[in-house]
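One-letter residues, chain by chain:
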Amino acid sequence: FDFAKGAVPKKETVHSPENKTFYVHENIFYLRKVYGLSQKELSENTNVTRWNISAWEVQKHIPSVKSMKVLSEFFSIPVETLLYTKLNVSNEDKE
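No experiment lies behind these values; they were computed from the predicted model shown.

Draft legend 1. Quick peek at the pattern of salt bridges. Taken as a whole, this structure holds two salt bridges when the rule is applied. The salt bridge partner of E57 is R32, with a shortest N-O separation of 2.6 Å. Of the two residues, E57 is situated in helix α3 (residues 50-57) and R32 in helix α1 (residues 24-34); the sequence distance between them amounts to 25 residues. Comparing E57 with R32 shows no difference in burial state: the two are buried. For K69, the salt bridge identified is with E73, shortest N-O distance 2.9 Å. With K69 and E73 both in helix α4 (residues 65-75) and four residues apart, this pair spans about one turn of that helix. Residue class for K69 comes out partly exposed when judged on its relative accessible area of 47%.

Draft legend 2. Structural view of the environment of L82. With respect to the secondary-structure elements, L82 resides in helix α5 (residues 79-84). According to the relative accessible area criterion, L82 is buried, its value standing at 0%. Here the alpha-carbon distance between L82 and L71, two residues eleven residues apart in the chain, equals 8.4 Å. With residues near it in sequence (within four places) discarded, L82 still touches Y23, V24, N27, I28, L31, M68, L71, S72 and I77.

Draft legend 3. Expanded view of the packing of aromatic side chains. For the structure shown, the criterion picks out four aromatic pairs. Seen in terms of ring centroids, F22 and Y84 are 5.6 Å apart; in terms of plane orientation they differ by 10°. Their pairing is stacked. You can see F22 sitting in the segment before α1 and its partner Y84 sitting in helix α5, a full 62 residues away along the chain. Ring centres of F74 and F75 lie 5.0 Å apart, and the angle between their planes is 75°; on these two criteria the pair is classed as edge-to-face. Since its relative accessible area comes to 25%, F74 is described here as partly exposed.

Reading the values: the criteria
Residues numbered from 1 in each chain as written. Predicted model: local features only at pLDDT ≥ 70, side-chain atom pairs only at ≥ 80, totals over all residues. Heavy atoms only, no water. Salt bridge = Lys/Arg side-chain N within 4 Å of Asp/Glu carboxyl O. Helix = DSSP H or I, 4+ residues; strand = E, 2+ residues; numbered from the N terminus. Buried < 20%, exposed > 50% of the residue type's maximum accessible area, 1.4 Å probe, protein only. Contact = heavy atoms within 4.5 Å. Phe/Tyr/Trp six-rings, centres within 6.5 Å; stacked < 30°, edge-to-face > 60°.

What is shown is where atoms sit, not what they do.
In structure tokens, the structure reads:
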């Protein structure tokens, strides 16, 4: 896949060049739900298009560096956490 164009294969585990797993797609969805926001509301609060938010959540595209910075500031978490930390950890994942 071509990181430069933001393309990400659908429904596959995505790794960074350092071979770290990306969790950004599921983290955006998870954080949006935790904050009780629709895609439209998140779009309005971050000045990011709803189309982009939708595309990120379904792994069509990876957010740009600028968009990740905006999202990390909005959700008050570091960019690295947004990218590489699985925030939605269920009890099954902990075992």
